[in-house]
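# Residue-level structure breakdown
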2 protein chains.
Amino acid sequence: MLIRNVSVLIVPEQGECRVDEAQDIHVQDDRIVAITPTADASDAGEPPTEVVDGSGLLAVPGLVNSHTHSPMVMMRGAAEDLNIEDWFNRRIWPMEVNLTPERVRVGARLACAEMLLAGVTTFVDHYFHADQIAAAAIESGIRADLAPTFFSSAGQDAVDAAFETTGDLSARHPRITASLGPHATYTVTDEDLRRTADLARSDGRRIHLHAAETDDQTQASLEKHGVTPIQVLERTGVLEAGALVAHGCGIREEDLPILERYADRTTVASCPKVYLKLAMSEVTPIKRLRSAGVNVGIGTDGAAVHNTLDVWEAIRMVALTQKQREHDAEWMTLSDTLRLATRGSAAAAGLENQIGVLEPGRQADIALVDLSAPHHQPVHDPRAALVYSMRASDVVTVLVAGQIVVRDRQLTTMDLAEVLADAKSLAHTLVDLSQGGAVQHYAP
Amino acid sequence: MLIRNVSVLIVPEQGECRVDEAQDIHVQDDRIVAITPTADASDAGEPPTEVVDGSGLLAVPGLVNSHTHSPMVMMRGAAEDLNIEDWFNRRIWPMEVNLTPERVRVGARLACAEMLLAGVTTFVDHYFHADQIAAAAIESGIRADLAPTFFSSAGQDAVDAAFETTGDLSARHPRITASLGPHATYTVTDEDLRRTADLARSDGRRIHLHAAETDDQTQASLEKHGVTPIQVLERTGVLEAGALVAHGCGIREEDLPILERYADRTTVASCPKVYLKLAMSEVTPIKRLRSAGVNVGIGTDGAAVHNTLDVWEAIRMVALTQKQREHDAEWMTLSDTLRLATRGSAAAAGLENQIGVLEPGRQADIALVDLSAPHHQPVHDPRAALVYSMRASDVVTVLVAGQIVVRDRQLTTMDLAEVLADAKSLAHTLVDLSQGGAVQHYAP
């Protein structure tokens, strides 16, 4: 396949991002095999089996949602204007009593549709019934790293079942990887975290979990246990095994040397729209984490709090909230923001050598975006357009592993009307609180 | 005209917003004359000359951009990752040496196109060559309040010319109103502010200006003049005349009783994306202003810093940043946010009795939005969809003063391709710094 005459976003490991105009992207099977100037094209050689006209479009690495709970789209808008305690204890965890494999699958299908249409080609998920999420991801054509999630309060059988699902998922499809998914330092015992870390080391897997989400959690951990959540991750072996830490807004100064020791295998995922919406006073300390060599990715979290799975929105919020946090408008530049969103998030997915950059040898996960609409024009700097004026609706065509999954803004892999109808018909079942009970209680 | 079978967003003066389903909106000339249940429709009476099918759509009051500098779309993306001083002194004010009537008009046409397509039906503008902006607004079909802007440093002739333009614009078109536009308390002398206030009182006009944009400005004013910017507005008569104060992030506790005295004629416009992008530590103190009875509107500011004129984005940023500022996730609820965005912004435009609410007697300024896309589904709460998952691209049809200006996502009033081509061809002229000089120097 050939994407002809397209502009290409180039994201170097350091320094300024740039856009190379008038390029041809050559794709063979699931990979990019060459990127060459359109002007150099000759008629020699095999003609490509399919040509996508990239004229007027910009090719960017398919976006990665570094931390989400995809089936929670089914609760979108059902838990608004609540503080964290009430959000968990009065809405989300009581609602999750209603989870069934079917409802999770229907939600995951909707989530995959929303993400693909927005140019998100990989998501890093953390949820229950992960086998259903895998099925939806495979059907939709998206790439995913899935962490079957568990609370210690659900008992050892539930923990074992989650471990088993992680094992089952790993070999299921080339686009699916699996991680271990303890819910959080405050909902999983140290003993279960140790078991998780042991299994991770022996099976060569990563651990995806919530930790130090807020400074209040860190303070509570210090008061109850005398250690920070990051110290818990160290002493249980989670950091040694390799962790994707969601949020980390409560990471303290004394945690940084610890994280630095495991920097080669640690990522923190930042989802700042959520931190503002929940009225937190902190956001992820990205500048300090990067100084400690720790990778950072960008995510949306679940749509029950983020309301969308729009990674463009998450990228913008990272740039804006980081400038505010550091009182430095020259920090989190366009190039640094785009680097986090591509290389950083690819590493968050454990796929730093597979995706995140458009270059030969990488997976052909590509979003073609159209910057010709009035809200982008005139384009003095396409990088600024991507960070500050982009709408998900500007995504035209999307490839994952060389397959066209969105063409001219239409999903090619699933019947969208059916996906939407299924979600609509089951939506009320998720938010029904008549059964009582809750899957967990928030009291970190 | 009749908009048939549409859901309607109802925004009461207090309490919860709601959505009434299956309504008919009856429009005669420029006004809404009735809103009746579709089920009550009878075949009696005159058939409407035009019927818009509202099935599956939600009618919301056309959005108002409470503070912008519309022609600055021409500098979109040309001043990134800069602190406030450098943004003004190294980019914007040197670039504005290049302003000409033609360039302003081309920029304003593009801005009007961007806003209308996003459901923005009124903008409150503050810029130079305002007669050109009026021409673009009239052509596009949008409604505008325009404040011809001046610096005292430009000399008395320039001040007088701005005053004269305000007078000339007022009677030009039913959709155009005019205000007086001193740039800011730190760029206009007290004497000129007094002259402005005198003229405003005698002509019955409002004054639209920047004041207390940051706390640094307030501190500088106290050190240089012994008074806060708000105290300057009081002693020069600006507050007595009636003011739209842009930003107000540097409003201090001692300013609130002053503002409270003029609360019946004062609005503060909040544009929070800009405050984060410029790494400010403050946002507009909306909670305190509302407690003092001061009206608050929502705006984008110019696209040279906001990058878009997307008021949906601005609305969302107000909700998010206000929750964060007050450390209270239960504050700036969905209903309060939508009330600011509609009634609050309508009052910011000086049109609180004309627009901002869908009810009989009001101007027919209406946006029909489609919440059927995956990023909204399932819709547990349409108010949450409007605040937290809306994209400007969800706007389908837009009316201003009863005229359809956007139909099926297409502008009906201007040739968009021509608008875009004109902007592209002149874009380089705006960012050319080879002439040297600057229209002003930032040193508050």
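Residues numbered from 1 in each chain as written. Chains lettered and ligands numbered in written order. Predicted model: local features only at pLDDT ≥ 70, side-chain atom pairs only at ≥ 80, totals over all residues. Heavy atoms only, no water.

An unreviewed UniProt entry annotates chain A as 5-methylthioadenosine/S-adenosylhomocysteine deaminase originating from Kribbella pratensis.

### Describing the pairing of strand β17 (residues 403–407) of chain B
All names here are of chain B. Two strands pair when backbone bridges link them, and strand β16 (residues 395–400) and β17 are joined in this way by three bridges, in the antiparallel orientation. When the sheet's bridge partners are listed, Val400 is paired in β17 with Gln403. Hairpin remark: β16 followed by β17, antiparallel, with two residues in the connecting loop; positive phi at Ala401, about 50°. In the sheet, β17 pairs with strand β18 (residues 410–411) via two bridges, with the strands oriented antiparallel. Residue pairing across strands places Val406 opposite Leu411, the latter belonging to β18. Hairpin connection, β17 to β18: the antiparallel pair is bridged by two residues, and Asp408 has positive phi, about 50°. (Pairing = 2+ DSSP bridges. Helix = DSSP H or I, 4+ residues; strand = E, 2+ residues; numbered from the N terminus.)

### Let's talk about the interface of chain B and chain A
On the side of chain A, 60 residues touch chain B, which itself brings 60 residues to the contact. Carbon and sulfur atoms supply 62% of the area buried between chain B and chain A, which totals about 4700 Å² over both sides. Contact with chain A buries area across many residues of chain B, yet Asp81(B), Pro374(B) and His380(B) alone supply 15% of it, more than any other trio. One can count four salt bridges joining chain B with chain A. Two residues, Glu313(B) and Arg316(A), come together in a salt bridge whose shortest N-O distance is 2.5 Å. For the pair chain B and chain A, the interface holds 19 residue pairs in polar contact (both at pLDDT 80 or more). The element that contributes the greatest number of residues to the side of chain B that touches chain A is helix α13 (residues 311–326) of chain B, accounting for seven residues. (Contact = heavy atoms within 4.5 Å. Buried area = accessible area lost by both parts, 1.4 Å probe. Salt bridge = Lys/Arg side-chain N within 4 Å of Asp/Glu carboxyl O. Polar contact = N/O pair within 3.5 Å; in protein donor to acceptor, adjacent residues only side chain to side chain.)

### Re the packing of helix α4 (residues 156–170) of chain B against helix α5 (residues 190–203) of chain B
Residues and elements named next belong to chain B. Between α4 and α5, the shortest axis-to-axis distance is 12 Å and the interhelical angle comes to 20°. Relative to α5, the element α4 is oriented roughly parallel. As α4 runs across α5, the sense of the crossing is right-handed. Counting all contacts with α4, which are made through Gln156, Val159, Asp160 and Phe163, the residues of α5 involved are Asp192, Arg195, Thr196 and Leu199. Along the lines of polarity and charge, the residues of the contact of α4 with α5 split into three nonpolar, two polar and three charged. (Axes fitted to C-alpha atoms, helices over the stretch in contact; angles between N-to-C directions. Parallel < 35°, antiparallel > 145°, perpendicular 65-115°, else oblique. Left-handed = near helix turned anticlockwise from the far one by under 90°. Nonpolar A, V, L, I, M, F, W, Y, C, P; charged D, E, K, R; others polar.)

### Things to note about the packing of aromatic side chains
Counting across every chain of the model gives 18 aromatic pairs over all chains. Linked through ring pairs, Trp87(A), Phe88(A), Trp93(A), Tyr127(A), Phe128(A), Phe151(A), Tyr186(A) and Tyr442(A) together constitute an aromatic cluster. One cation-aromatic arrangement involves Lys287(B) over Trp331(B); the distance from NZ or CZ to the ring centre is 5.2 Å. (Phe/Tyr/Trp six-rings, centres within 6.5 Å; stacked < 30°, edge-to-face > 60°. Lys NZ or Arg CZ within 6 Å of the ring centre and 35° of its normal.)

### Here's the deal with the sheet that holds strand β14 (residues 295–298) of chain B
Residue and element names in this part refer to chain B. Across the sheet, which stays open at both edges, the four strands sit in the order β11-β12-β13-β14 with parallel pairing between neighbours. Two strands close off the open sheet at either side, each with one partner strand: β11 (207–211) and β14. For this sheet the average axis-to-axis angle between neighbouring strands, irrespective of direction, equals 30°. Bridge count between strand β12 (residues 243–247) and strand β13 (residues 266–270): four bridges; the pairing is parallel. When the bridges of β13 are listed, Leu244 appears paired with Thr267.

### As for the relation of the copies chain B and chain A
Of the transformation superimposing chain B on chain A, the axial component is 0.0 Å and the angular component is 180°, with the fit at an RMSD of 0.0 Å. What the superposition gives is, in effect, a two-fold axis relating one chain to the other. Ranked by how close their C-alpha atoms come to the rotation axis, the residues of chain B are headed by Ser393(B), at 3.3 Å. Of the residues that chain B buries at the interface, 100% are likewise interface residues in chain A, meaning the two copies contact each other through the same surface. (Least-squares fit on C-alpha atoms with pLDDT ≥ 70 in both.)

### What to know about the nonpolar core
With 268 residues, the main nonpolar core has Trp87(A), Trp312(A) and Trp312(B) as its most contacted residues. Not counting chain neighbours up to four residues away, the residues in contact with Trp87(A) comprise Met72(A), Ala79(A), Leu82(A), Ile92(A), Leu278(A), Ala304(A) and Val305(A). (Core = buried A, V, L, I, M, F, W, Y, C linked by side-chain atoms within 4.5 Å. Buried < 20%, exposed > 50% of the residue type's maximum accessible area, 1.4 Å probe, protein only.)

### Details of the pairing of strand β7 (residues 120–127) of chain B
Residue and element names in this part refer to chain B. Taken across its eight residues, β7 has eight buried, putting it largely inside the fold. As defined by bridge partners, strand β6 (residues 63–68) adjoins β7 across four bridges and the pair is classed as parallel. Bridge pairing in β7 places Leu63 opposite Val120. Here β7 runs beside strand β8 (residues 143–150); their pairing, made up of six bridges, is parallel. Pairing of His126 across the sheet is with Ala147, part of β8. The parallel pair β7 and β8 is bridged by helix α3 (residues 130–140), and the resulting crossover is right-handed. (Right-handed = clockwise from strand over helix to strand, strands pointing away.)

### Considerations on helix α2 (residues 101–117) of chain B
Residues and elements named next belong to chain B. Spanning 17 residues, α2 covers 24 Å between terminal C-alpha atoms, matching the ideal 24 Å at 1.5 Å per step. A large share of α2 lies buried, amounting to 13 of its 17 residues. One or two positions beyond α2, positive phi appears at Gly119, with a value near 85°. (Expected span 1.5 Å × (residues − 1).)

### Notes on the layout of surface pockets
Estimates place the volume of the largest pocket at around 920 Å³. In terms of lining residues, the largest pocket is bounded by 35 residues, among which Ser393(A), Asp394(A), Arg409(A), Ser393(B) and Arg409(B) are the most central. Going through the elements one at a time, α2 (101–117) of chain A together with α2, β16 and α16 (416–430) of chain B are the ones with two or more residues in the lining of the largest pocket. Here the lining of the largest pocket is composed, by residue class, of 17 nonpolar, eight polar and ten charged. (1 Å grid on protein atoms, 1.4 Å probe; cavity = no way out; pocket = protein on both sides within 12 Å on 5 of 7 lines; lining within 4 Å. Points joined across faces, edges and corners; volume = space filled by probe spheres on them.)

### Observations concerning the side chain of Thr228(A)
The residue Thr228(A) is located in the loop between α6 (215–225) and α7 (229–235) in this model. Apart from the residues within four sequence positions on either side, Thr228(A) is in contact with Thr218(A), Ser221(A), Leu222(A), Glu254(A) and Asp255(A).

### Digging into the sheet that holds strand β12 (residues 243–247) of chain A
The pairing of strands in a sheet comes from backbone hydrogen bonds and takes either a parallel or an antiparallel form. Residue and element names in this part refer to chain A. On the basis of which strands lie adjacent, the open sheet formed by four strands has the order β11-β12-β13-β14 and parallel pairing. Only two strands of the sheet have a single partner each, and these edge strands are β11 (207–211) and β14 (295–298). This sheet shows a mean twist of 30° between the axes of neighbouring strands, independent of strand direction. Of the pairings in the sheet, the one linking strand β13 (residues 266–270) to β14 comprises four bridges and is parallel in character. By the bridge assignment, Thr267 is partnered in β14 with Asn295.

### Some remarks on unusual backbone geometry
Residue and element names in this part refer to chain A. Following Gln377, the chain continues to Pro378 via a peptide bond in cis, the omega torsion being -15°. Position of Pro378 relative to the elements: it lies in the loop between β15 (366–370) and α15 (382–389). With a phi close to 50°, Asp408 is a non-glycine residue in the positive phi region. If you trace the backbone, Asp408 turns up in the loop between β17 (403–407) and β18 (410–411).

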